[in-house]
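Given next are the chains, with one letter for each unit.
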Amino acid sequence: MIQIEGLRKVYRARRREVVAVDGVDLAVRDGEIFGVLGQSGAGKSTLLRCVNLLERPDAGTVVVGGVELTGLSGGRLRAARRRIGMVHQHFALLASRTAAGNVAVPLEITGVPRAARARRVAELLDLVGLAGHADAYPAQLSGGQKQRVGIARALAADPQVLLSDEATSALDPQTTGSILELLRDLNRRLGLTILLITHEMDVVKRICHSAAVMRDGRFAESGPIADLLRRPGSELAGGLFPLSGAAPDPEDPVLDLTLSGAVADQPLISQLARRFDADVRILDGTVQELAATRAGRLRITVRGDAGPVAGWLREQGVLVTEVVR
Amino acid sequence: MTWSEVAELLWQGLRETTWMVGFSTVLTAIGGLLVGVLLTLTERGGLLPLRPVNALLGLVVNVGRSLPFIILLVAVIPFTRAVVGTTIGTTAAIVPLTIGAIPFYARLVETAIHEVPADVVAAATAMGATRRQIVGKVLLREARPGLVAGLTVTVIALVGYSAMAGVVGGGGLGDLAIRYGYQRFETEVMIATVGVLVVFVQLIQTLGDVLVRRLYHR
Ligand SMILES: Nc1ncnc2c1ncn2[C@@H]1O[C@H](COP(=O)(O)OP(=O)(O)O)[C@@H](O)[C@H]1O
Ligand SMILES: [Mg+2]
C-alpha cells in the first residue's frame, strides 16, 4: 500500500543543515499496522510528513496505493492527498467548529453535498463513539474525545491509508489504551492500512503488525514484528521486553531467551528441568499477547553447563543468547 | 446657547461621526482583510511565498502607519478630489480615514492570522484543500475572534482620527469639541461632546467584546 525508497530530507536553516531523514526504505502492506519507533528527533515526523508530501523529499520516491506522489503537484497532488487520512499529536482541530463541523471539513473540501455530508458525519461520529457530542466544540471535549474527532475527520473522505503522528502521546495511559483499541478496531473492520509513528514501546506492542526502529534519520531495523524478534540483537526485542538481573552465583551462565509465536505457549521451563535434571532459575521476563504474535523474553540461569540446554532450546525455536559479564 | 441648541449640535455631530466612521469602517474592513491576507500568504513559509510582493506591501503598510494622520489628510487631497469630486465635507473625509486605517487594520489582521496554529493549516493541506479553501475555511474562520477584536480597535482609532478630519470640513463630534471647547471656550459644550464621544466609544468596545466572546470557543 505504501512503498518508500531512498527517502531523504534535509532541512536547511541559516547555513546549518539537518539531515532529518537519511535514506529510508519502507513497505507497508495492505491492511497492516506499521509502527515506526524512535526517540524524539529521530526524524519520525519528517518521514510521515513526506508520505503525503507536507514536506517535499530531497530524494527518493513515495508511492501510495499505486500512485507515485513524489511525481505529482497541484490538483493531482491534492486529489492524492484526499485518499490519505492524517491524525495529529495535538489533534489540529478547528477551534471555531463543533465536532460535527470538524469532521465535515474534508467532505466540504471534496464538494460532498450538504445532505450527504450530514449523513456521513453522523455515521463517522457514531463509528468513533462520539454520537452524543456532535455539537460540542473542541474546547469542551477531553483529549481522548478530541482525538476521536481527529480520527473521524481523517476517515471522512474514505482514505486508503491512515497516517498517525504520535496520536496518543498527548493522552493519559487509560485514554491511550482506548484510542489504540479504536485504531485496531478500524484496522480490522475497515481493513484500513495504518502507518503510525511513536516513541512509546507500548503502542507497538499493542497494535502493530510490523515495525521499524528509527535513529538519526535511518531505520536500524524494520520488518514484521515476529521476524524482528527472531533476529539476534534486535533492538525492538530489547525495547519491548527489557531484561535485567544477574545470577546469584556469578559462576553460573545466564541465558536470554526470546520466544515468538507458538513456542511462547510451550511449557519450556518444566520440560527443561525434566529433560536435563537441571536447576533452572528465572531471573526476569514476560510473555505477552502482542498484536502480531504471542511473544516474550526470559532471562534464566542454569547451574553448570549451559551448552546442552541452549542447544535444546534452539531446537524448539527459541532464540538463545548467552549474557556475558 | 440653550441646551436644545447644544443638543441639536450634538445630534448633528453624532450623525456625521457615525457616517464617517461607519463608512470608512466598511471600506477598511475589506481593504485591511485583503492586505492582511496578502501579507501572510506571501511571507516566507506562507502559502504563496513571494518575497518581492511581500516586501513591497510591507513597506507601503509601514509608510502608511508611520505618517501622522494630519499629514496624510493633506497629502491625499488630490486623490480625494479624484474619487469623490470634492475635498471638503463629511464624505470627503472618508477617503483619508480609510487610507489611514487600512494599514493599521492590515497589521492586526496579519497578527490574528498568525495565531492560527501551524498544525491546523498542515491538517487542511493534508486533506487536499486548495489555497483558497485554506484561507476561507481555516485562516479567516479560525482567526475570527482576533479579526473582530482588531476591527474594534480600528473603529475606535477611526473615531479619534475623525476628530482631525474636521480640518477638511468633515464635521463630527471631535470637530465640535475642538471648535467650541478649544476655539470658543464654551467649556460646557466641549464637556457634553466629550461625554457623548466616551459613550460612543464605550458602545463600540462593548459591541466588539460581545461579538468576540460569541466567536471564541476556547
Ligand atoms: N521545519 C524544520 N526545520 C528545520 N529542522 C527541522 C524541521 N523539522 C524538523 N527538524 C529537525 O529534523 C530532525 C527530525 O525532526 P522530527 O522529524 O520532528 O523528529 P521526531 O518526530 O522523530 O521527533 C530534528 O533534528 C529536528 O530538529
Ligand atoms: Mg515528531
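The following refers to the structure shown.

Rules and cut-offs
Residues numbered from 1 in each chain as written. Chains lettered and ligands numbered in written order. Predicted model: local features only at pLDDT ≥ 70, side-chain atom pairs only at ≥ 80, totals over all residues. Heavy atoms only, no water. Helix = DSSP H or I, 4+ residues; strand = E, 2+ residues; numbered from the N terminus. Buried < 20%, exposed > 50% of the residue type's maximum accessible area, 1.4 Å probe, protein only. Areas by Shrake-Rupley, 256 points an atom, 1.4 Å probe, with all protein chains shown as cover. Lys, Arg positive; Asp, Glu negative; His and termini not counted. Charge placed at Lys NZ, Arg CZ, Asp CG, Glu CD. Pairing = 2+ DSSP bridges. Axes fitted to C-alpha atoms, helices over the stretch in contact; angles between N-to-C directions. Contact = heavy atoms within 4.5 Å. Right-handed = clockwise from strand over helix to strand, strands pointing away. 1 Å grid on protein atoms, 1.4 Å probe; cavity = no way out; pocket = protein on both sides within 12 Å on 5 of 7 lines; lining within 4 Å. Points joined across faces, edges and corners; volume = space filled by probe spheres on them. Buried area = accessible area lost by both parts, 1.4 Å probe. Salt bridge = Lys/Arg side-chain N within 4 Å of Asp/Glu carboxyl O. Polar contact = N/O pair within 3.5 Å; in protein donor to acceptor, adjacent residues only side chain to side chain. Nonpolar A, V, L, I, M, F, W, Y, C, P; charged D, E, K, R; others polar.

## Thoughts on the overall build of chain A
Part 1: Check the secondary structure of chain A and you find 11 helices and 14 strands.
Part 2: Seen through its principal axes, chain A has C-alpha atoms that stretch 75 × 50 × 35 Å.
Part 3: Residue burial in chain A is summarised as follows: out of 325 residues, 52% are buried.
Part 4: For chain A, the computed accessible surface area is about 14600 Å², with 45% contributed by carbon and sulfur atoms.
Part 5: Counting 41 positive and 37 negative side-chain charges, chain A places the averaged centre of each group 9 Å from the other.

## Quick word on the overall build of chain B
Part 1: Along its length, chain B carries 10 helices and zero strands.
Part 2: If you list the helices and strands of chain B from N to C, you get α-α-α-α-α-α-α-α-α-α.
Part 3: For the C-alpha atoms alone, the extent of chain B along its principal axes is close to 70 × 40 × 25 Å.
Part 4: Counting over 218 residues, chain B shows a buried share of 49%.
Part 5: As displayed, chain B offers around 11200 Å² of accessible surface, 68% of which is attributable to carbon and sulfur atoms.
Part 6: For chain B, the centre of its 16 positive side-chain charges and the centre of its 12 negative side-chain charges are spaced 13 Å apart.

## With respect to the sheet that holds strand β12 (residues 280–289) of chain A
All names here are of chain A.
Part 1: Read across the sheet, four strands follow the order β12-β13-β11-β14 without closing on themselves; strand pairing throughout is antiparallel. At either margin of the open sheet sits one strand with a lone partner, and together these are β12 and β14 (319–323). Pairwise comparison of adjacent strand axes, ignoring direction, gives a mean angle of 15° for this sheet.
Part 2: Alignment of β12 against strand β13 (residues 294–302), held across nine bridges, turns out to be antiparallel. Within the sheet, the bridge partner assigned to Thr286 lies in β13 and is Arg297.

## Quick word on the sheet that holds strand β9 (residues 210–215) of chain A
All names here are of chain A.
Part 1: Here we have six strands laid out as an open sheet, ordered β6-β7-β8-β3-β9-β10, and mixed in their pairing. The sheet terminates laterally at β6 (84–87) and β10 (218–224), the two strands that pair on one side only. Between one strand axis and the next, the sheet turns through 15° on average, direction left out of account.
Part 2: Pairing of strand β3 (residues 33–38) with β9, which is carried by five bridges, proceeds in the parallel orientation. Bridging from a neighbouring strand, Leu37 pairs with Val213 of β9.
Part 3: Relative to the sheet, helix α5 (residues 143–155) contacts β6 and β7 (161–165), its axis offset from that of β6 by approximately 170°.

## With respect to the pairing of β7(A)
All names here are of chain A.
Part 1: For β7, a buried count of five out of five residues is recorded, marking the element as mostly surrounded by other parts of the structure.
Part 2: Residues Val161, Leu163 and Asp165 line one face of β7 and the alternating positions Leu162 and Ser164 line the opposite face, and both faces are buried.
Part 3: As paired strands, β6 and β7 are joined by four bridges and run parallel to one another. The partner of Met86 across the bridge, within β7, is Leu163.
Part 4: One ladder, built from five bridges, connects β7 with strand β8 (residues 193–198); its direction is parallel. Bridging across to β8, Leu162 finds its partner in Ile194.
Part 5: For the crossover from β7 across helix α6 (residues 173–190) to β8, the handedness is right-handed.

## Quick word on empty space enclosed by the protein
Part 1: Enumeration according to the criterion identifies four cavities of 30 Å³ or more in this entry.
Part 2: Its volume calculated, the largest cavity comes out at about 130 Å³.
Part 3: Around the largest cavity, the lining comprises 14 residues; the ones closest to its centre are A:Ile84, A:Gly85, A:Met86, A:Ala154 and B:Met127.
Part 4: Every element with two or more residues in the lining of the largest cavity is listed here: β6 and α5 of chain A together with α6 (118–126) of chain B.
Part 5: In this structure, the second largest cavity spans a volume of roughly 60 Å³.
Part 6: Counting only elements with at least two residues in the lining of the second largest cavity, the list comes to α6 and β8 of chain A.
Part 7: For the lining of the second largest cavity, the element with the most residues is β8(A), which contributes three residues.

## Things to note about the interface of chain A and chain B
Part 1: Each partner contributes to the interface: chain A provides 23 residues, whereas chain B provides 19 residues.
Part 2: In this assembly, chain A packs against chain B so that about 1900 Å² is buried in total across both faces, 61% of it on carbon and sulfur atoms.
Part 3: Here chain A and chain B share one salt bridge between them.
Part 4: When the shortest N-O distance is used, the salt bridge between B:Lys137 and A:Glu108 registers 2.8 Å.
Part 5: On inspection of chain A and its partner chain B, the count reaches seven residue pairs in polar contact (both at pLDDT 80 or more).
Part 6: Considering each element in turn, the side of chain A that touches chain B owes the most residues, four residues, to helix α3 (residues 99–109) of chain A.
Part 7: Of the residues belonging to the side of chain A that touches chain B, the class tally is 12 nonpolar, four polar and seven charged.

Remember that the coordinates give geometry; whether it matters functionally is a separate question.
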